[in-house]
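Below are the chains, spelled out letter by letter.
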Amino acid sequence: MPISMLRLSVLLRRSTSGGALRTSSWMPWGAGSVFRPNIAAVGFGDHSGEDNRVAQLQHRIDDMTDDSGFLGLVDPHAYTSFVGEDWTLEMLFERFESEIRQQTMLFWGTGGEEQWRIDLSDSPVDPRLPVIRQITGPITVTRGELIVVNLETVTMAAQYAESAVDDDKDIYGSGIELPNGDYICTVTQLTDPEEDRTHEGPDFHLQLIAGRTSPWSGVAWSEL
C-alpha cells in the first residue's frame, strides 16, 4: 500500500464509524434537494471572443473506483496538487477549499465506496432518472481539459511532487476536452449507495455549460 494511502486509511479510521470517509447526505443543500445559485450563462466555446464554436459534449466513464467516498472535477493544468510528504487531512481539505475558491476544482462526497458510472454532457440529466441530490458550481478550463478524479489519485499527487492529478486519466478514460473558459457544472447524484439500484443509468451526471456562477465555500456533501 502506498504511504499516502496507508496514512489515509488511518485518517479514515479516526474520522469514521463506517467504511468511507464521512460524507453527508445533508449539507446546506441536502439529500433530494436542488441547489441553484444565481447563474449567468454564456455561449459555449472559447470566451475570448475568438471562437464561438458549438460543441457537443457526451462522455461516459464506465467504472470509476472510489475507495474513500469522494469524487471531483479538476483542471489538471491549473490545480496545485502537491501539499507535502507529511500532509494531514486538515491540510488536504484546506487545499481543496482554496482550489475550489479559485475554480480549478469541484469536489464532493459520494456517500459510499463504489465503482461509479459517470456521464458528462452539455445536456441536462434525463428527467426520467431519480435525482438523489444536485448542486451547481463553477470551474474554469485553462488549457482545454478537465478530468474526473477520486480521492486516491488526489492524495498521491498531494504527497509526491512527481505525481499529478491526471496520472490515472487513461486508466479510467476520465479526461474530457473543452474550449478554454468559465463553466457551470451541475453535479447530479442518481443512485444512493445505501439503497438498491432502481435504474440502469449513470450514478452521477455532470452537466457542463459555459457560464459563471458563485463558487462553493468548500467540499460539497461532506461533514469534514
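What you are looking at is a predicted structure, and each value in this text was computed from that prediction instead of being measured.

Peer 1: Please explain the packing of aromatic side chains as it appears in this structure.
Peer 2: The relative placement of two aromatic rings is captured by the distance of their centres and the angle of their planes. Following the criterion strictly, the structure yields 6 aromatic pairs and no others. Taking 6.4 Å as the distance between ring centres and 50° as the angle between the ring planes, the aromatic pair formed by Trp108 and Phe204 counts as tilted. Taken together, the residues span a long stretch of sequence, with Trp108 in strand β5 (residues 105-109) and Phe204 in strand β11 (residues 204-213) at a distance of 96 residues. Like Trp108, the residue Phe204 is buried in the burial classification. Three or more aromatic residues link up through ring pairs in this structure, and these residues are Phe70, Phe93, Phe96 and Phe107.

Peer 1: Sorry if this is basic, but what is going on with the confidence of the model for the protein here?
Peer 2: Low-pLDDT portions of the prediction should not be read for the details of their coordinates. Residues at a pLDDT of 70 or more form 75% of the protein, whose mean pLDDT is 83. Counting interchain partners and residues more than four positions distant, the pLDDT-below-50 stretch residues 1-39 has 92 contacts. Overall, residues 41-54 carries pLDDT values under 50, and its contacts beyond four positions in sequence, including any with other chains, amount to 32 contacts.

Peer 1: What is the right way to look at the sheet that holds strand β9 (residues 175-177) in this model?
Peer 2: Pairing in this open sheet of 4 strands is antiparallel, and the strands run β5-β4-β8-β9 from one edge to the other. In this open sheet, the two strands that pair with only one neighbour each are β5 and β9. Strand-to-strand twist in this sheet, taken as the mean axis angle between neighbours without regard to direction, amounts to 15°. Two strands pair when backbone bridges link them, and strand β8 (residues 145-150) and β9 are joined in this way by 3 bridges, in the antiparallel orientation. Across the sheet, residue Leu146 finds its bridge partner in β9, namely Ile176. Packed onto the sheet, helix α2 (residues 89-101) meets β4 (70-74) and β5 and runs at close to 130° relative to β5. On top of the sheet, helix α3 (residues 151-159) reaches β4, β5 and β8; it is set at about 100° to β8, its chief contact.

Peer 1: Looking at this structure, I do not really get the pattern of salt bridges. What am I missing?
Peer 2: A side chain with one charge can pair with a side chain of the opposite charge if their charged atoms come near. Scanning the entire structure with this criterion turns up 5 salt bridges. Two residues, Asp119 and Arg60, come together in a salt bridge whose shortest N-O distance is 2.6 Å. Taken together, the residues Asp119 in strand β6 (residues 114-121) and Arg60 in strand β3 (residues 58-66) connect sequence positions 59 residues apart. According to the relative accessible area criterion, Asp119 is buried, its value standing at 16%.

Peer 1: Teacher, can you tell me more about α3 here?
Peer 2: The α-helix advances 3.6 residues per turn, and as a result positions three or four apart in sequence lie on the same side. Burial of α3 is extensive: 8 of the 9 residues sit out of reach of the surface. Within α3, burial applies to Leu151, Glu152, Thr153, Val154, Thr155, Ala157, Ala158 and Gln159.

What counts, and where the lines are drawn
- Residues numbered from 1 in each chain as written.
- Predicted model: local features only at pLDDT ≥ 70, side-chain atom pairs only at ≥ 80, totals over all residues.
- Heavy atoms only, no water.
- Phe/Tyr/Trp six-rings, centres within 6.5 Å; stacked < 30°, edge-to-face > 60°.
- Helix = DSSP H or I, 4+ residues; strand = E, 2+ residues; numbered from the N terminus.
- Buried < 20%, exposed > 50% of the residue type's maximum accessible area, 1.4 Å probe, protein only.
- pLDDT = per-residue confidence, 0-100.
- Contact = heavy atoms within 4.5 Å.
- Pairing = 2+ DSSP bridges.
- Axes fitted to C-alpha atoms, helices over the stretch in contact; angles between N-to-C directions.
- Salt bridge = Lys/Arg side-chain N within 4 Å of Asp/Glu carboxyl O.

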